Amino acid sequence: MKTIQGTVYVVKDDIDTDQIIPAQYLNLVPTIPEEYAKLGSYAMCGLPDGYPPFVKPGAMKAEYPIIIAGRNFGCGSSREHAPVCLGAAGVKAVVAESYARIFFRNCVATGELYPFETGIRLCDVFTTGDVAEIDVAGSLLTNRTTGKSYSIKELGAVAPVVEAGGIFAYARKSGIIK
Amino acid sequence: MAMTLTEKILARAAGKRVVGPGDNVWVEVDILLTHDVCGPGTIGVFQREFGKMAKVWDPSKVVIIPDHYIFTADEKAHRNVDTLRDFVKEQKLPYYYDPGTAQYKGVCHVALPQTGHVRPGEVIFGTDSHTCTHGALGAFATGIGNTDAGFIMGTGKLLIKVPKTMRFTVNGTVPPYLMGKDIILKIIGDIGFDGASYCAMEFTGEAIRQLSIEERMTICNMAIEAGGKNGIIEPDEKTFEYVKARTNKPFEAVYGDADAPVDSERTYDASTLEPCVAEPHVPSNFALARERNDVKLDRAYIGSCTGGKITDFLAAARILKGRKVSIPTFLVPATMEVAEDIIKSEIDGKSLVEIFAEAGCDDIAPPSCAACLGGPADTYGRTSGKEAVISTTNRNFPGRMGSKQSRIYLASPLTVAASAIRGRITDPREFM
């Protein structure tokens, strides 16, 4: 994927996995297709009051392919339901100041979405509803609404896994599994 | 080259002489742990990638402990346990602890070591972030997602990055009013909610040595609450005694090199630390219990992998003996073994069951994760409104115990018990 574009949804620091997908929905199994879709409809429904709904009532998907976040996005549980529900809701990328380790790894392993890191605080300069574009190869994020561009960090050591399409594809490519 | 405890375990598991922080290595897995919430998805990934007829790499290394949604009428929760049962049967897995039978255990992170599946020097992955608990016995243990777990199921291997080590040395004598929970909440408060991201948190020092295995588990359990990849404590005689009482399987303990470089070092004196709480809504929101007497509470909760062990109930009983709680107080033993120990244990000739009943606590609930993470609507102890809860659990995120409006204060079982008596946050020294 060369570019990702669309409307952004902005969240602040320490968005934990209970906010991304509350525990009451962990009875849904991500590998069952209809439950995968259902998980998408609950994405981010645990955010505190004050945030606009991420998925509109009655809808199965969100209108936001890009999430802009502060520090420590995805902290808490190892539940893969978290990146899965975002992917199922139609999210293509999260651009966060930093990530919690397991969430980042689950994004890479599943290939559900790109976990881009900026190291800079974009959640204060983006507003939910802004339109943005990510040039994946050029590691550049542009806010089309404000006209400003920001560099994003390269994926580094996990890049080969992401490029291969997840841990299974990577292991097959490198001969670890058949 | 000198290596830390974590590096040495990973080097051995990777079949390498030396590894260093930042290296990406394939490690051989000793134990893969999963439960009812992530097991079905893990099995789904395993079958999708390796085929419907595929066999797990080593049945003796897969441990399945259902614990999250056990005592609920939720149909999908029951379907998920059935999925585990079918898989266990088909794969002939020897280590499955089925709800509703004599084999049922309860919360996986307390059951895993109790059942002898945690051994020093080994590499443990689990589909639950609190898998870091098992570092308390000198193992490398960390949480992973379903996809990585499905990969391990088929191969017995995983590609991981060797973490930097942050060392926390706790010296001095542990006073009777201080618990492992206070030590770890202090550390998380100091370094922050993401202060150990991607790092190994190694706990050492004479105060750590004084702690029981259960108390060490409380500390390692919450490494993830600072973003840590693993928490770890070097094994000692207490570790060996605990492990050998539970398994005959041989193991080879690993020790860090004294001269191994670490990424950072912090030193504490246990004798100067005080009972504390983590205020809503992050575990790093540290406050001293004695400075929060103004916080009025609606309920108290003692349970979970962090705070539902026998040592936790003994601590609470020391405070509650001969006193009455003034707010609803929920008691959820982590495992069947803990529940049995509560029945067997006494303080000054009085059983814990009697102490809790006379104090006016709610009846002791059957072991499971229960309200620690909210769960289905009929979960025992789940919040549903604006309750202020003081809890021995590990997370106080918005909505963590059910309702987004409820406020959770994390504390040691001593502090929870003292606070249950007053109905306000209370330093346990007031009752000691």
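Treat the numbers as computed from the prediction; the structure is a model and nothing was measured.

J.: Tell me about the overall build of chain B, residues and numbers included.
T.: Regarding its fold elements, chain B presents 14 helices and 19 strands. Relative to the globule expectation of 22 Å for 432 residues, the C-alpha radius of gyration of chain B, 21 Å, shows essentially globular dimensions. Overall, chain B is about 55 × 55 × 40 Å in size when its C-alpha atoms are taken along their principal axes. Out of the 432 residues in chain B, the part that is buried amounts to 62%. Put simply, 77% of the contacts in chain B that link residues at least 6 apart link residues at least 24 apart.

J.: Outline the domain arrangement of chain B, supporting the account with residue identities and numerical values.
T.: Residues and elements named next belong to chain B. For chain B, the assigned domains read domain 1 (5-254 + 263-268) and domain 2 (276-431). On a C-alpha basis, the centres of domain 1 and domain 2 stand 24 Å from each other. Residue assignment for the side of domain 1 that touches domain 2 shows that the elements contributing at least two residues are α4 (108-114), α6 (180-191) and α8 (213-221). Residue contributions to the side of domain 1 that touches domain 2 peak at six residues, all from α6. Counted by class, the side of domain 1 that touches domain 2 contains 16 nonpolar, twelve polar and nine charged residues.

J.: Which residues make up the interface of chain A and chain B, and what are the values?
T.: Contact residues are listed per partner, giving 38 residues for chain A and 46 residues for chain B. Every element with two or more residues in the side of chain A that touches chain B is listed here: α1 (17-20), α4 (101-110) and α6 (167-173) of chain A. By residue number, the principal contributor to the side of chain A that touches chain B is α4(A), which donates six residues.

J.: Give me the sheet that holds strand β5 (residues 123-126) of chain B: which residues, what numbers.
T.: All names here are of chain B. Spatially, β4-β3-β2-β5-β6 is the arrangement adopted by the five strands of the open sheet, whose pairing is parallel. Because the sheet does not close on itself, it has two edges, and the strands there are β4 (95-96) and β6 (140-143). Sheet topology places strand β2 (residues 31-34) next to strand β3 (residues 62-64); three bridges connect them, and they run parallel. What sits directly across from T34, in β3, is I64.

J.: Talk me through the sheet that holds strand β14 (residues 299-303) of chain B; I want residue IDs and the actual numbers.
T.: Residue and element names in this part refer to chain B. Pairing within the open sheet is mixed, and its six strands lie in the order β13-β12-β19-β18-β14-β15. The open sheet is flanked by β13 (286-288) and β15 (329-332), the only strands paired with a single partner. Neighbour-to-neighbour, the strand axes of this sheet turn through a mean angle of 25°, independent of strand direction. Here two bridges tie strand β12 (residues 276-278) to strand β19 (residues 407-411), and the two strands are oriented antiparallel to one another.

Each value, and the rule that gives it
Residues numbered from 1 in each chain as written. Chains lettered and ligands numbered in written order. Predicted model: local features only at pLDDT ≥ 70, side-chain atom pairs only at ≥ 80, totals over all residues. Helix = DSSP H or I, 4+ residues; strand = E, 2+ residues; numbered from the N terminus. Rg over C-alpha atoms; globule rule 2.2 N^0.38 Å. Buried ≥ 20, exposed ≤ 12 C-beta atoms within 10 Å, placed from the backbone. Contact = placed C-beta atoms within 7 Å. Domains from an automatic or database assignment. Nonpolar A, V, L, I, M, F, W, Y, C, P; charged D, E, K, R; others polar. Pairing = 2+ DSSP bridges. Axes fitted to C-alpha atoms, helices over the stretch in contact; angles between N-to-C directions.

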